[in-house]
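Chain residues, written in single-letter form:
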Protein chains: 2
Amino acid sequence: MKLLNDNYYLGSGALKNLGAYLIDLNERCVLVIDENVSKYWNDYLLECVEPCQCASIILPSGEGNKNFTTLNKLYDFFVTSEIDRSVPVVICGGGVLGVVGGLAAATFLRGVPLVNVPTTLLAMVDSSVGGKNGIDLAAGKNLVGSFYEPKSIWADSLFLNTLPTIEISNGMAEVVKCMFLDAQSLTLEKEASSRIWVTESHKPLWDEDFYLRLIEFAVRVKFAIVRLDPFDRSDRYKLNLGHTFAHSLEVCTNYHLTHGQAVSIGLSCALNLARRLKILKEEQLIRMKTLLELWGLPTCIPECVSWEDFFHNFKYDKKREFSKNIFILPVERGKLVRVDFVSAEDLHWVFEVTKAK
Amino acid sequence: MKLLNDNYYLGSGALKNLGAYLIDLNERCVLVIDENVSKYWNDYLLECVEPCQCASIILPSGEGNKNFTTLNKLYDFFVTSEIDRSVPVVICGGGVLGVVGGLAAATFLRGVPLVNVPTTLLAMVDSSVGGKNGIDLAAGKNLVGSFYEPKSIWADSLFLNTLPTIEISNGMAEVVKCMFLDAQSLTLEKEASSRIWVTESHKPLWDEDFYLRLIEFAVRVKFAIVRLDPFDRSDRYKLNLGHTFAHSLEVCTNYHLTHGQAVSIGLSCALNLARRLKILKEEQLIRMKTLLELWGLPTCIPECVSWEDFFHNFKYDKKREFSKNIFILPVERGKLVRVDFVSAEDLHWVFEVTKAK
């Protein structure tokens, strides 16, 4: 097991050390388990927290549950479990449960100790790092939330073994984004580009060591940026590469696109916009798109999305300031620019070029 | 106008400087106005923010509105006003709107600039200071919330001129608490004890200068404590004097007691418990109770409250840790002790002694 950034534990079977960690905090804890995770890992999880007296609840996952209903279920569970401000809340699940659970822990009694156990590749490499939490409103994604640093994060690669193929793809979208952010990523990119990762029947091949390296890479990249800008006011904008497009696409498709798929198309839009503005070389664009597609990710805007909806939703982007959208664009590996004004004409061009034919 | 602690503006007509302050931040702002405040001060408020392009909403006040419904109204208003993370949210109202509005501002887009305009004595001396916000759950008061420091707080004593008598009393409950916390409060306490503050027909007498001194005193006491412990982990416990009892009483009476009334009875309970534990002199107890009563505050537990309910609600106190309630008790002016264990027997004695006969 490795410890990254003082609070991120990573390893195969890392969770077997969780119980000893928790009992040091309190003899009690509460456990929130994602419905999909509980199917395969319920006993494992209960064993891992065993030294503690523990109440648990199973909650549904999926973007559709990132709302007040789930938040209120969590508050009710905390109330009936009679937790006080010293009782750790352990959230075991993917990105959705991680961020709703994070918001619940951040706001119940104005903050109880949060222990995050991300169980998907996407949650391990992205949402569990950086302290952001949130729920969606009808008007947009993550419109309500806060910054709240977990006490610790436990990424146990064993969980990846039961992930469906699409969940591996989803995680890879954020990993590929990180490859853009880090000047030293060429070797890993080459490895990821040459990898056969699914069987002929489209099941993921199990290669724990490779995934552990991917996770460590992405987590280090993200921590390095978040440390400089915990509250998302400056450097952290880099992490938003592709995300203004992605968030709009998620709303436009009523969340039928997964977050990873939307990020992949969003990256593709950002690449196209960077080409349009003549700041990116064609070969870079092709290499990254090919990599996304190799990992089973879409790179075209679905036909059902209209230009009007796509454009309209930019209005609700959280990164917007003084009524202007801000775009982060790739220049080369490790180098991005922030563009504070992009014309509607250029955006429309990007929409047309990226749209599925 | 005085500036306290770098962000608290205090004075008669202080709000006339708000517009110049806001326009420096952004050409737009949104204004949230308490229904009671808007009856008397709507035009004044709109004038004070005049240089800005401003959308406004009027919301009901009262503890019964410190809930998800009000929170969602605020989110909807922010969405329809198309605010981004650079647009200040100005909350004008008493404690309830201040803390619900504070939570909305803290969590919309993970935090928009918050400007607090407390309009009651209680909000000026207490809830607007220290960054706490929150809403109630059925199980208890302020169970959901966060810490979020406003960009600035504007206490304009002109608002006090339209407050009903009971609201002056409510504010005084927290001021009297502050007198216990500060070793230098004797002169002000003597002045407050000898004051005729209501007319024969029970209307408040207008004495702006005296109230400005009271507010400055209480705000300085609170800031000094909060600065040492912004997240309520140590020194800030002092501010909880009387509040474990008060919160239980508010729930027991279904919030028919105002917060100030509950705090006054809670202080009375804390005084009695301190006497029971032989850490406080009888004369201190009598002096403080007399002062509370002079300012129109109750010091007895209402007859309708049962011991079982009173005791049961301690369970949901946010200050509870490791399943134990923590009591802050007065010893003498400026000196308090934290008691981590109080027997049910002693609490029952306090209940009986404090109960209305």
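Reading guide: rules and limits
Residues numbered from 1 in each chain as written. Chains lettered and ligands numbered in written order. Predicted model: local features only at pLDDT ≥ 70, side-chain atom pairs only at ≥ 80, totals over all residues. Heavy atoms only, no water. Helix = DSSP H or I, 4+ residues; strand = E, 2+ residues; numbered from the N terminus. Buried < 20%, exposed > 50% of the residue type's maximum accessible area, 1.4 Å probe, protein only. Contact = heavy atoms within 4.5 Å. Areas by Shrake-Rupley, 256 points an atom, 1.4 Å probe, with all protein chains shown as cover. Lys, Arg positive; Asp, Glu negative; His and termini not counted. Charge placed at Lys NZ, Arg CZ, Asp CG, Glu CD. pLDDT = per-residue confidence, 0-100. Expected span 1.5 Å × (residues − 1). Least-squares fit on C-alpha atoms with pLDDT ≥ 70 in both. Phe/Tyr/Trp six-rings, centres within 6.5 Å; stacked < 30°, edge-to-face > 60°. Lys NZ or Arg CZ within 6 Å of the ring centre and 35° of its normal. Axes fitted to C-alpha atoms, helices over the stretch in contact; angles between N-to-C directions. Left-handed = near helix turned anticlockwise from the far one by under 90°. Nonpolar A, V, L, I, M, F, W, Y, C, P; charged D, E, K, R; others polar. Parallel < 35°, antiparallel > 145°, perpendicular 65-115°, else oblique. Buried area = accessible area lost by both parts, 1.4 Å probe. Salt bridge = Lys/Arg side-chain N within 4 Å of Asp/Glu carboxyl O. Polar contact = N/O pair within 3.5 Å; in protein donor to acceptor, adjacent residues only side chain to side chain. Pairing = 2+ DSSP bridges.

## Some words on the overall build of chain A
Working step 1: Within chain A one finds 13 helices and 11 strands.
Working step 2: Once the C-alpha set of chain A is aligned to its principal axes, its extents read approximately 60 × 40 × 40 Å.
Working step 3: When the 357 residues of chain A are sorted by exposure, 62% land in the buried category.
Working step 4: Sequence-distant contacts in chain A: of pairs separated by 6 or more residues, those separated by 24 or more amount to 78%.
Working step 5: Surface exposure of chain A reaches about 13,700 Å², of which carbon and sulfur atoms provide 52%.
Working step 6: Once the 38 positive and 43 negative side-chain charges of chain A are each reduced to a mean point, those two points are 6 Å apart.

## What about the confidence of the model for chain A?
Working step 1: On average, residues of chain A carry a pLDDT of 94, and 98% of them reach 70 or more.
Working step 2: Across the interface, the model reports ipTM at 0.91; the global pTM reads 0.93.

## Some details on helix α4 (residues 95-107) of chain A
Residues and elements named next belong to chain A.
Working step 1: With 13 residues, α4 should cover 18 Å at 1.5 Å per step; its first-to-last C-alpha distance of 18 Å lies within 8% of that length.
Working step 2: Across the 13 residues that make up α4, a large majority, 12, are buried.
Working step 3: Of the residues making up α4, those classed as buried are Val96, Leu97, Gly98, Val99, Val100, Gly101, Gly102, Leu103, Ala104, Ala105, Ala106 and Thr107.
Working step 4: Just downstream of α4 lies leucine 109, where phi reads positive at about 55 degrees.

## Details of the relation of the copies chain A and chain B
Working step 1: Of the transformation superimposing chain A on chain B, the axial component is 0.0 Å and the angular component is 180 degrees, with the fit at an RMSD of 0.0 Å. In symmetry terms, the pair is related by a two-fold rotation axis.
Working step 2: Of the interface residues in chain A, 100% have counterparts in chain B that sit at the interface too, so the contact is made through matching surfaces.

## Considering the packing of aromatic side chains
Working step 1: Taken as a whole and judged by the stated rule, the model has 51 aromatic pairs over all chains.
Working step 2: On the numbers, 5.0 Å between centres and 65 degrees between planes, the contact of Trp41(A) with Phe159(A) is edge-to-face. Within this pair, whereas Trp41(A) is found in helix α2 (residues 35-48), its partner Phe159(A) is found in the loop between β9 (152-156) and α6 (165-181), the two being separated by 118 residues in sequence.
Working step 3: Exposure remark for Trp41(A): the relative accessible area of 13% places this residue in the buried category.
Working step 4: Of the residues examined, Phe159(A) reaches a relative accessible area of 1% and is grouped as buried.
Working step 5: Taken together through their ring pairs, the aromatic side chains of Phe68(A), Tyr75(A), Phe77(A), Phe78(A), Phe108(A), Phe68(B), Tyr75(B), Phe77(B), Phe78(B) and Phe108(B) make up a single cluster.
Working step 6: Note that Arg195(A) overlies the ring of Phe210(A), its terminal NZ or CZ placed 4.1 Å from the centroid.
Working step 7: The aromatic ring of Tyr237(A) is capped on one face by Arg338(A), whose charged end is 4.5 Å from the ring centroid.

## A word on the packing of α6(A) against helix α10 (residues 259-276) of chain A
Residue and element names in this part refer to chain A.
Working step 1: Close contact between α6 and α10 brings their axes to 7 Å; oriented N to C, the two are set at 35 degrees. Handedness of the α6/α10 crossing: left-handed. Residues Ile166, Asn170, Ala173, Glu174, Lys177 and Phe180 of α6 lie in contact with α10, whose contacting residues are His259, Gly260, Gln261, Val263, Ser264, Leu267 and Leu271.
Working step 2: Taken together, the residues of the contact of α6 with α10 sort by class into 6 nonpolar, 5 polar and 2 charged.

## Remarks on the packing of α10(A) against helix α13 (residues 344-354) of chain A
All names here are of chain A.
Working step 1: At their nearest, the axes of α10 and α13 sit 9 Å apart, and the two run at 125 degrees to each other. Between α10 and α13, the angle is such that the two are oblique. Where α10 crosses over α13, the two elements pack in a sense that is right-handed. Along the contact surface, α10 presents Ile265, Ser268, Cys269, Asn272, Leu273 and Arg276, while α13 presents Glu345, Asp346, Leu347, Trp349, Val350, Val353 and Thr354.
Working step 2: Looking at the contact of α10 with α13 residue by residue, the class counts come to 7 nonpolar, 3 polar and 3 charged.

## Section: the interface of chain A and chain B
Working step 1: Opposite the 38 residues of chain A that make contact, chain B presents 38 residues.
Working step 2: Approximately 3,500 Å² of surface area, both sides summed, lies buried where chain A meets chain B, with 53% of it carried by carbon and sulfur atoms.
Working step 3: Seen at the junction of chain A and chain B, the total is 2 salt bridges.
Working step 4: One salt bridge connects Arg85(B) with Asp232(A), and the closest N-O pair in it is separated by 3.5 Å.
Working step 5: There are 8 residue pairs in polar contact (both at pLDDT 80 or more) connecting chain A and chain B.
Working step 6: Secondary structure elements with two or more residues in the side of chain A that touches chain B: α3 (68-80), α4 and β8 (140-144) of chain A.
Working step 7: Among the elements that make up the side of chain A that touches chain B, the one with the highest residue count is α3(A) (4 residues).
Working step 8: Partitioned by chemical class, the residues of the side of chain A that touches chain B number 15 nonpolar, 10 polar and 13 charged.

## Quick word on helix α10 (residues 259-276) of chain B
Working step 1: The end-to-end C-alpha distance of α10(B), which contains 18 residues, comes to 25 Å, matching closely the 26 Å that a straight helix rising 1.5 Å per residue would cover.
Working step 2: A positive phi of about 60 degrees marks Lys278(B), the residue just after α10(B).

## A few points about the sheet that holds strand β6 (residues 114-118) of chain A
Residue and element names in this part refer to chain A.
Working step 1: Spatially, the 7 strands line up as an open sheet ordered β1-β2-β9-β6-β5-β3-β4, and their pairing is mixed. Since the sheet does not close on itself, it has two edges, and those belong to β1 (2-4) and β4 (53-59), each with one partner. Adjacent strand axes in the sheet meet at a mean angle of 20 degrees when their direction is disregarded.
Working step 2: Judged from the 3 bridges that link them, β1 and strand β2 (residues 8-11) form a sheet pairing that is antiparallel. When the sheet's bridge partners are listed, leucine 4 is paired in β2 with tyrosine 8.
Working step 3: Relative to the sheet, α2 contacts β3 (28-34), β4, β5 (89-93) and β9, its axis offset from that of β3 by approximately 150 degrees.
Working step 4: Strand contacts of helix α8 (residues 208-228): β1, β2 and β9, with the helix running at about 165 degrees to β2, the strand carrying the most contacts.

## Topic: the pairing of strand β11 (residues 335-339) of chain A
Residues and elements named next belong to chain A.
Working step 1: Sheet analysis places strand β10 (residues 327-332) next to β11, joined by 5 bridges and oriented antiparallel. Directly across from isoleucine 328, in β11, lies its bridge partner arginine 338.
Working step 2: Counting the residues between successive antiparallel strands, the hairpin from β10 to β11 contains 2 residues, one of them, glycine 334, with a positive phi of roughly 80 degrees.

## What to know about the sheet that holds strand β3 (residues 28-34) of chain B
All names here are of chain B.
Working step 1: Taking strand neighbours across the sheet as the criterion, the 7 strands line up as β1-β2-β9-β6-β5-β3-β4 in an open arrangement whose pairing is mixed. If you trace the sheet from one side to the other, it starts and ends with β1 (2-4) and β4 (53-59), each paired once. When the angles between neighbouring strand axes are averaged without regard to direction, this sheet yields 20 degrees.
Working step 2: The sheet contact formed by β3 and β4 spans 7 bridges and is parallel. Its bridge partner lying in β4, arginine 28 is registered against glutamine 53.
Working step 3: Contacting β3, β4, β5 (89-93) and β9 (152-156), helix α2 (residues 35-48) runs over the sheet at an angle of about 145 degrees to β3.
Working step 4: Contacts from helix α8 (residues 208-228) reach β1, β2 (8-11) and β9, with the element oriented near 165 degrees to β2.

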